[in-house]
Amino acid sequence: MLTAGEVAGLIAATGWIVLVCVMAMVLVKLARLLTETTKAVSDLNERLRPLLDDVSVTVNETNRQLVAVEAIAKDVKQVTSHAARLSGVTQTIFTGPLIKVSALGHGVRRAIEARRTTRPRPVRAGRPR
């Protein structure tokens, strides 16, 4: 029969064996996890390269389009400035004479109205009103 010390040693050895088996299983699972992670990163890297190339092409095209839009905006600003100047010149050219003609017309109307009110109307004979 086994003594108490031998039973305790047997139990301790069994515990160590169980612990080593559990640790081996954990290490195997960890190795699988690392392998899968490496594969996932590799797949992601393969998929990411074309995407980054596409993004680079898109950014370059966007920059080219922005340069064109900037040129268009500059031209629109210049056209707007010219239109404002032309509007100011047109206003200066036509507004002064129109005001003078309007004032002249108003003065003539007032003069005609003043002459009509000061002159008595002639009475016409033969036609009753």
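Further up the page is the structure itself.
Definitions and cut-offs
Residues numbered from 1 in each chain as written. Predicted model: local features only at pLDDT ≥ 70, side-chain atom pairs only at ≥ 80, totals over all residues. Heavy atoms only, no water. Helix = DSSP H or I, 4+ residues; strand = E, 2+ residues; numbered from the N terminus. Rg over C-alpha atoms; globule rule 2.2 N^0.38 Å. Buried < 20%, exposed > 50% of the residue type's maximum accessible area, 1.4 Å probe, protein only. Areas by Shrake-Rupley, 256 points an atom, 1.4 Å probe, with all protein chains shown as cover. Lys, Arg positive; Asp, Glu negative; His and termini not counted. Charge placed at Lys NZ, Arg CZ, Asp CG, Glu CD. Patch = residues over 30% accessible without salt bridge, like charges linked within 9 Å, V, L, I, M, F, W, Y side chains within 5 Å. Salt bridge = Lys/Arg side-chain N within 4 Å of Asp/Glu carboxyl O.

> Would you take a moment to explain the overall build of the chain for this structure?
Across its full length, the chain holds one helix and zero strands. Taken over C-alpha atoms, the radius of gyration comes to 52 Å for the chain, far larger than the 14 Å a tight globule of 129 residues would show. Along the three orthogonal principal directions, the C-alpha set of the chain runs to about 170 × 40 × 25 Å. Relative to its full complement of 129 residues, the chain shows a buried share of 0%. In the structure as shown, the chain presents an accessible area of about 12400 Å², 68% of it carried by carbon and sulfur atoms. Computed over 19 positive and 10 negative side-chain charges, the separation of the two mean positions in the chain equals 43 Å.

> I would appreciate a short explanation of a nonpolar patch on the surface in the present structure.
Where nonpolar side chains cluster on the molecular surface, the patch consists of Leu2, Val7, Leu10 and Ile11 and spans about 390 Å² of accessible area. When you line up the elements, Leu2 lands in the segment before helix 1 (4-118).

> Would you mind going over the pattern of salt bridges with me for this structure?
Charged atoms that come close allow side chains of opposite charge to pair. For the coordinates displayed, the defined rule picks out one salt bridge. The salt bridge partner of Arg64 is Glu61, with a shortest N-O separation of 2.5 Å. Taken together, the positions of Arg64 and Glu61, both in helix 1 and three residues apart, correspond to about one turn of that helix.

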